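Breakdown of the fold
In case you want the letters, here they are:
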Amino acid sequence: MKEPNTILTDTFGREHTYLRISLTERCNLRCTYCMPAIGIPLSPKSHIMTYEEIFAIAKEFVDNGVTKIRLTGGEPLVRKDVGLMMEQLATLPVELAITTNGVMVDKFIEQFKRIGLRKLNVSLDSLNNDKNTAITRRDYFTKVYNNIQLLVKEGFEVKINCVLMKGFNDNEIIDFIELTKTQPLQIRFIEFMPFDGNKWNFDKLVSLEEVLKEVYSHYDVKQFIRLKDAPNDTAKNYRIKDYQGSFAVISSVTNPFCDSCNRIRLTANGQLKDCLFSSTESDLLTPFREGKSIAPVIQKAVLAKKKVRNGMDTLEKFKDPDSHDNRSMIAIGG
Ligand code: SAM
Ligand code: SF4
């Protein structure tokens, strides 16, 4: 059993057992809510962690209590050595998961099966081809949709991440939920969050409350079931009676879930972020490359973690543009 007080325990007693590793700042899509149209300045290649460095740093976290690792990005599957990396990380005693835009998933199905990676979060913001092209600035809807069907057919546990935007895809909430009637999918509606260059505006966001209102207006109250959320779950989970799948809302803006946060993030260029919204980062890669122990740096970062959203504990503070001094989401690893 893990000791309760590790270098991953913060001052509020939260244990950070879930590491999200961004493998790359690159992506084959250009989602408007994630990155500016002109792209982002990429880190020089020499600043990006090699797969040996990722493995060694990940192992340090696992040795200190991490039990779950999620690969993200950018788009993790565009990284050339991602296959090798997944193979290695799967040897660690952790649950390995991935968040992907789904475009390249078919090429990795056999590997996922072989290494025991069973859980995938796939991003899909609209069930309409043209709307997808508009939001991703690329034309891959059919490919992604077919890959989701393939994953389900092959028995993977698939969650669909859908960022809701007012006047854009909020009229598709019921269509997405109806997918769960016959398929064991989980649809996760995500409140639009502010990051550098994504033109965030509270008025564009579709809140948890608004999603539930839409659901209540469509389904009979007796059909609508509130599920028990898993410990450390960021989502509030629901099911429509007799449907195979479920749906959830990730309400980081209107109802943050920081009390039970167990997440910590490593960016592709080796910076540790103790919160998705943190404006400060801790450089792990430089001391690692100098052969120094990174444990003290990790501990300092964890101890500095604020109670709620990097100190933005009210909606007013969160709405204040001056509060947001962060990277673009593509460079953080959502
Ligand atoms: N490329 C992969 C993908 O799209 O799934 C992984 C990286 S992406 C940054 C991870 C998740 O962050 C995606 O589900 C995406 O929808 C979500 N995301 C990106 N920008 C966001 C924002 N501004 N608000 C809410 N979610 C966002
Ligand atoms: Fe790429 Fe994912 Fe960002 Fe879309 S959300 S641009 S797929 S990293």
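The structure contained in this document is the topic of the report that follows. (Residues numbered from 1 in each chain as written. Chains lettered and ligands numbered in written order. Predicted model: local features only at pLDDT ≥ 70, side-chain atom pairs only at ≥ 80, totals over all residues. Heavy atoms only, no water.)

Things to note about the packing of aromatic side chains
- One pass over the full model with this rule turns up 11 aromatic pairs.
- On the basis of an interplanar angle of 70° and a centroid distance of 6.4 Å, the ring pair of W200 and F202 is categorised as edge-to-face.
- W200 gets classed as buried once you look at its relative accessible area, which sits at 17%.
- On the basis of an interplanar angle of 90° and a centroid distance of 4.9 Å, the ring pair of Y216 and F224 is categorised as edge-to-face.
- The buried category is assigned to F224, whose relative accessible area is 12%.
- Through a chain of ring-to-ring contacts, three or more aromatic side chains come together here, namely F176, F189, Y216, F224, Y238 and F247. (Phe/Tyr/Trp six-rings, centres within 6.5 Å; stacked < 30°, edge-to-face > 60°. Buried < 20%, exposed > 50% of the residue type's maximum accessible area, 1.4 Å probe, protein only.)

Quick notes on the pairing of strand 6 (residues 186-191)
- Counting buried positions along strand 6 gives 6 out of 6 residues, so the element sits mostly inside the fold.
- The alternating pattern of strand 6 places Q186, R188 and I190 and I187, F189 and E191 on opposite faces, both of which are buried.
- In this sheet, strand 6 lies alongside strand 5 (residues 157-164) in parallel orientation, the contact comprising 6 bridges. Note that in strand 6 the partner of L164 across the bridge is E191.
- Bridge analysis of strand 6 against strand 9 (residues 246-250) gives 5 bridges, and the strand direction is parallel. What sits directly across from F189, in strand 9, is V249. (Helix = DSSP H or I, 4+ residues; strand = E, 2+ residues; numbered from the N terminus. Pairing = 2+ DSSP bridges.)

Focus: the nonpolar core
- Of all hydrophobic cores here, the largest spans 103 residues; its most connected members are I21, F61, I69, M86 and F189.
- Among the elements that line this core, the one with the most residues is helix 1 (residues 51-63), at 6 residues.
- For F61, the contacting residues outside a window of four places in its chain are L8, L19, V66, I264, L272, L284 and I298. (Core = buried A, V, L, I, M, F, W, Y, C linked by side-chain atoms within 4.5 Å. Contact = heavy atoms within 4.5 Å.)

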